[in-house]
Amino acid sequence: MPKRPFVNRLNDLARRDWLLFQKSWFVHNPPPRSADVRLHPAKFPETLAGEFIGFFTKAGETVLDPMMGTGSALVAALEMGRRAVGVELQPKYAAIAQERLAAVGAPDYRVVCDDARNLAAHDIGEVDYVLTSPPYWDMLRMKGWETQKERAQQGLDVHYSDDERDVGNIEDYERFLEELVPIYRVAAEHLRPKRYLTIIVKNVKKGGTIYPLAWDLGRRVGEFLALKDERIWCQDNQRLAPYGMGNAWVSNTMHHYCLQFRKA
Ligand SMILES: C[S@@+](CC[C@H](N)C(=O)[O-])C[C@H]1O[C@@H](n2cnc3c(N)ncnc32)[C@H](O)[C@@H]1O
């Protein structure tokens, strides 16, 4: 029997690469950061963004990140022959993104420096994919992280800003969700039908309590986009800390959820 031809409406991948991406977990250890992006306290790697963009778009299509930080998703998109649009609240990070995008040398990008909740005011038109990662609540405000101490000593940011519009500065968890979810709602309005939105996020541990941010977003964003399950991003190059040793179960959390949603 001849093999049925592979008709691929979603991306430009070969059958084997499509299949490999379907595994529900993957290991990706971020490569060391270049000097231009070290100021930002929590970015995702372009290599990881590239894998998602490669699966959820074809060449020439448009990728949006409404909280783009240093523009990692946009840089990956441009390098892969896609168009890119990003929003970032902080001028210092938007400027880094702008510089990195200009260095790629392709003209098909747009950087907006504003509160993502104002996205609708910027006439960005329709997009084919949204790839984004929020502040993990106010986790960067928690005291006592060794990495934070080292960063502070080097004059690098340990949190994004003191701006009250920065959702990473909202102390109350429920209010944080109430302010964050509308950002995805407005991004979803720009998404073409049948296309995908990916949120990269972790559950948060604070004061001995687990706040299931990933699961809460699955449920709340799932009210206006269909939740299509997660891919679990594992890191296996981090030092283990002896939390709760001899006393209680406290995990060393080395995974993030990459939640996929699809528009009707
Ligand atoms: C997890 S970081 C994104 C990092 C990005 N993926 C990267 O690779 O650089 C979240 C970003 O959301 C931004 N942010 C927080 N509140 C915002 C808001 N209301 N509108 C737009 N951006 C916001 C922060 O300044 C921060 O850069």
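Draft legend 1. Region of interest: the packing of helix H3 (residues 72-79) against helix H4 (residues 91-104). One can describe the packing of H3 onto H4 by two numbers: an axis separation of 10 Å at closest approach and a directional angle of 10 degrees. As far as their axial angle goes, H4 and H3 are roughly parallel. When H3 is examined against H4, the residues Ser72, Leu74, Val75, Leu78 and Glu79 are found in contact with a partner set consisting of Arg100, Leu101 and Val104. By residue class, the composition of the contact of H3 with H4 is five nonpolar, one polar and two charged.

Draft legend 2. Spatial organisation of the sheet that holds strand S10 (residues 255-262). On the basis of which strands lie adjacent, the open sheet formed by eight strands has the order S1-S9-S10-S6-S5-S2-S3-S4 and mixed pairing. Since the sheet does not close on itself, it has two edges, and those belong to strand S1 (25-27) and strand S4 (109-113), each with one partner. The sheet shows a mean angle of 20 degrees between the axes of neighbouring strands, taken without regard to direction. Taken together, the seven bridges between strand S9 (residues 226-234) and S10 define a ladder with antiparallel strand orientation. From the neighbouring strand, Ala226 faces S10, where its bridge partner is Arg262. Sitting on the sheet, helix H6 (residues 173-190) is in contact with strand S2 (62-65), strand S5 (127-132) and strand S6 (191-201), with an inclination near 150 degrees to S6.

Draft legend 3. Spotlight on the state of the cysteines. Taken as a whole and assessed by the stated rule, the structure comprises zero disulfides. With no disulfide of its own, Cys258 has Cys234 as its nearest cysteine by sulfur position, at a separation of 9.4 Å.

Draft legend 4. The arrangement of helix H7 (residues 213-221) in detail. Inspection of H7 places Leu213, Ala214, Leu217, Gly218 and Val221 among the buried residues, and these make up the whole buried set. What you see down the axis of H7 is that its buried residues fit within an arc of 140 degrees, all on one side. With respect to the buried face of H7, the exposed residues turned more than 90 degrees away are Trp215 and Arg219. The inward-facing, buried residues of H7 contact H6, S6, strand S7 (204-206), strand S8 (209-211), S9 and S10.

Draft legend 5. Local environment of the pattern of salt bridges. In this structure the tally under the stated criterion is 13 salt bridges. A salt bridge links Lys206 to Asp138, with the nearest nitrogen and oxygen atoms 2.9 Å apart. One end of the pair, Lys206, is in strand S7; the other, Asp138, is in the loop between S5 and helix H5 (146-153), with 68 residues separating them in the sequence. Here Asp163 and Arg165 are joined by a salt bridge, their closest N and O atoms 2.8 Å apart. For Arg165, a relative accessible area of 39% puts it in the partly exposed group.

Draft legend 6. Fine view of the layout of surface pockets. Approximately 270 Å³ is the volume found for the second largest pocket. Every residue lining the second largest pocket is counted, 14 residues in all, and those nearest its centre are Gln22, Phe55, Phe56, Lys228 and Asp229. If you list the elements that add at least two residues to the lining of the second largest pocket, you get helix H1 (15-21), helix H2 (46-56) and S9. Sorting elements by how many residues they give to the lining of the second largest pocket places S9 first, with four residues. Classifying every residue of the lining of the second largest pocket by side-chain character gives six nonpolar, three polar and five charged.

Draft legend 7. Layout of the packing of aromatic side chains. Taken as a whole, this structure holds 14 aromatic pairs when the rule is applied. Aromatic side chains Phe56 and Tyr129 sit 5.1 Å apart centroid to centroid with 25 degrees between the ring planes, which places their arrangement in the stacked category. Here Phe56, found in helix H2, pairs with Tyr129, found in strand S5; they are 73 residues apart in sequence, far enough to count as distant. Seen from their ring centres, Trp215 and Tyr257 are 6.5 Å apart, and the 80 degrees between their planes marks the pair as edge-to-face. Here the residue Trp215 occupies a position in helix H7, and Tyr257 occupies one in strand S10, the gap between them amounting to 42 residues. You can call Trp215 exposed: its relative accessible area is 53%. Taken together, the ring pairs in this structure connect Phe6, Trp18, Phe21, Phe26, Phe52, Phe55, Phe56, Tyr129 and Tyr196 into an aromatic cluster. For Lys23, the ring lying beneath its charged end belongs to Trp25, and the centroid distance is 4.2 Å. When the ring centre of Phe21 is taken as origin, the NZ or CZ atom of Arg231, which lies over that ring, is 3.8 Å away.

Thresholds, definitions, all that
Residues numbered from 1 in each chain as written. Predicted model: local features only at pLDDT ≥ 70, side-chain atom pairs only at ≥ 80, totals over all residues. Heavy atoms only, no water. Axes fitted to C-alpha atoms, helices over the stretch in contact; angles between N-to-C directions. Helix = DSSP H or I, 4+ residues; strand = E, 2+ residues; numbered from the N terminus. Parallel < 35°, antiparallel > 145°, perpendicular 65-115°, else oblique. Contact = heavy atoms within 4.5 Å. Nonpolar A, V, L, I, M, F, W, Y, C, P; charged D, E, K, R; others polar. Pairing = 2+ DSSP bridges. Disulfide = S-S within 2.5 Å. Buried < 20%, exposed > 50% of the residue type's maximum accessible area, 1.4 Å probe, protein only. Arc of directions from axis to C-beta. Salt bridge = Lys/Arg side-chain N within 4 Å of Asp/Glu carboxyl O. 1 Å grid on protein atoms, 1.4 Å probe; cavity = no way out; pocket = protein on both sides within 12 Å on 5 of 7 lines; lining within 4 Å. Points joined across faces, edges and corners; volume = space filled by probe spheres on them. Phe/Tyr/Trp six-rings, centres within 6.5 Å; stacked < 30°, edge-to-face > 60°. Lys NZ or Arg CZ within 6 Å of the ring centre and 35° of its normal.

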